[in-house]
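Each chain, letter by letter, is given below.
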Amino acid sequence: MHKDIERVLYTEVQIKARVKELAAMIMEENKGEELLTVGVLRGAVMFYADLVREIDMSLHMNFMALSSYGASSRSSGAVRIQYDLEEDIAGKNVLIVEDIVDSGLTLQYLTKTLRSRNPAKIKACCLFDKPERRQVDYHADYVGFTVPDVFIVGYGLDYAEKYRNLKYIGELKRSVYE
């Protein structure tokens with residue numbers, strides 16, 4: 001375990017098992033359809049790569065980058081698109097793949113923005129949900145784990161661009177970010 005981690009919340013084995021379960025749900029609900037998956041960079045990259053490899057159906061991959069945190073442990077509340085989709089989503093079935101729903105501001109903004117581009121349907125999948133921190137009424141369609149109100153890192157999630165490469169999800173020690 002990394003010296004800055006208070007405790008491990010989810011192991012690599014637990015994460016892999018849950019990703020397979022999420023992929024199975026997505027395939028079941030989208031039988032016979034083609035998906036456009038939108039990975040939200042950078043935090044969701046590990047989850048996104050593992051998830052799409054488990055989805056055994058026709059799909060297209062694309063990415064967006066948004067920002068609402070900067071180097072802080074709390075959302076600034078101002079969401080901005082740093083990198084946009086490279087294709088038209090009108091008439092397509094879109095699946096947003098995000099690492100965590102915390103305040104809900106980023107996914108609410110992204111969903112509203114993509115809805116304005118007239119997809120056939122739009123759903124969101126997040127690996128982690130932190131409902132205690134919600135500032136807006138937003139609920140992902142597919143949720144891997146509900147996590148407590150602690151600062152988590154690993155498996156793509158970071159603090160100040162560190163810890164993304166941990167293979168597990170850990171609670172970051174308060175002394176690191178306060």
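Presented here is an overview of the structure given in this document.

Conventions adopted
- Residues numbered from 1 in each chain as written.
- Predicted model: local features only at pLDDT ≥ 70, side-chain atom pairs only at ≥ 80, totals over all residues.
- Heavy atoms only, no water.
- Helix = DSSP H or I, 4+ residues; strand = E, 2+ residues; numbered from the N terminus.
- Rg over C-alpha atoms; globule rule 2.2 N^0.38 Å.
- Buried < 20%, exposed > 50% of the residue type's maximum accessible area, 1.4 Å probe, protein only.
- Pairing = 2+ DSSP bridges.
- Contact = heavy atoms within 4.5 Å.
- Phe/Tyr/Trp six-rings, centres within 6.5 Å; stacked < 30°, edge-to-face > 60°.
- 1 Å grid on protein atoms, 1.4 Å probe; cavity = no way out; pocket = protein on both sides within 12 Å on 5 of 7 lines; lining within 4 Å.
- Points joined across faces, edges and corners; volume = space filled by probe spheres on them.
- Nonpolar A, V, L, I, M, F, W, Y, C, P; charged D, E, K, R; others polar.
- Axes fitted to C-alpha atoms, helices over the stretch in contact; angles between N-to-C directions.

1. Section: the overall build of the chain
And step 1. Secondary structure summary: the chain contains four helices and nine strands in total.
And step 2. For the chain, the α and β elements follow one another from N to C terminus as β-α-β-α-β-β-β-α-β-β-β-β-α.
And step 3. Rg of the C-alpha trace for the chain: 16 Å, near the compact-globule value of 16 Å for 178 residues, within the 12% margin.
And step 4. C-alpha atoms of the chain, sized along the principal axes, occupy 50 × 35 × 25 Å.
And step 5. Counting over 178 residues, the chain shows a buried share of 51%.

2. Comments concerning the pairing of strand β9 (residues 169-172)
And step 1. The pairing of strand β1 (residues 5-10) with β9 spans four bridges and is classified as antiparallel. Of the residues in β9, the one forming a bridge with Arg-7 is Glu-171.
And step 2. Strand direction decides the pairing type here: strand β8 (residues 152-153) and β9, joined by two bridges, are antiparallel. Considered in β9, the bridge of Ile-152 is made with Glu-171.

3. Observations concerning helix α3 (residues 105-115)
And step 1. If you check which residues of α3 are buried, you get Leu-105, Thr-106, Leu-107, Leu-110, Thr-111, Thr-113 and Leu-114.
And step 2. Packed against the buried residues of α3 are β2 (35-41), β3 (59-67), β4 (80-83), β5 (93-101) and β6 (121-129).

4. Topic: the environment of Phe-47
And step 1. Among the secondary structure elements, Phe-47 is positioned in helix α2 (residues 45-54).
And step 2. A relative accessible area of 1% places Phe-47 in the buried class.
And step 3. Separated by 91 residues in the primary sequence, Phe-47 and Tyr-138 place their C-alpha atoms 20 Å from one another.
And step 4. Beyond its immediate sequence surroundings of up to four residues, Phe-47 is in contact with Val-19, Leu-22, Val-97, Glu-98, Cys-125, Cys-126, Leu-127 and Tyr-155.

5. Regarding the packing of aromatic side chains
And step 1. Taken as a whole and judged by the stated rule, the model has seven aromatic pairs.
And step 2. Members of the aromatic cluster, each reached through a chain of ring pairs, are Tyr-10, Phe-128 and Phe-145.

6. Comments concerning empty space enclosed by the protein
And step 1. Within the structure shown, the criterion is met by one cavity of 30 Å³ or more.
And step 2. Size it by volume and the largest cavity reaches roughly 40 Å³.
And step 3. Looking at the lining of the largest cavity, the elements that each hand over two or more residues are β5 and β6.
And step 4. Here the lining of the largest cavity takes three residues from β5, the largest share from any one element.
And step 5. Classifying every residue of the lining of the largest cavity by side-chain character gives four nonpolar, two polar and two charged.

7. Remarks on the sheet that holds β5
And step 1. Taken in spatial order, the six strands make up an open sheet running β4-β3-β2-β5-β6-β7, and their pairing is mixed. Pairing within the sheet leaves two strands with one partner each, and these edge strands are β4 and β7 (142-146). When strand polarity is set aside, the average angle formed by the axes of neighbouring strands in this sheet is 30°.
And step 2. Direction of pairing for β2 relative to β3: parallel, over a ladder of seven bridges. Considered in β3, the bridge of Leu-41 is made with Ala-65.
And step 3. Along the sheet face, helix α1 (residues 12-29) touches β2, β5, β6 and β7 and points at about 160° away from the line of β7.
And step 4. Where α3 meets the sheet, it contacts β2, β3, β4, β5 and β6, and its direction lies at approximately 165° from that of β5.

As far as function goes, none of this settles anything; it's purely spatial.
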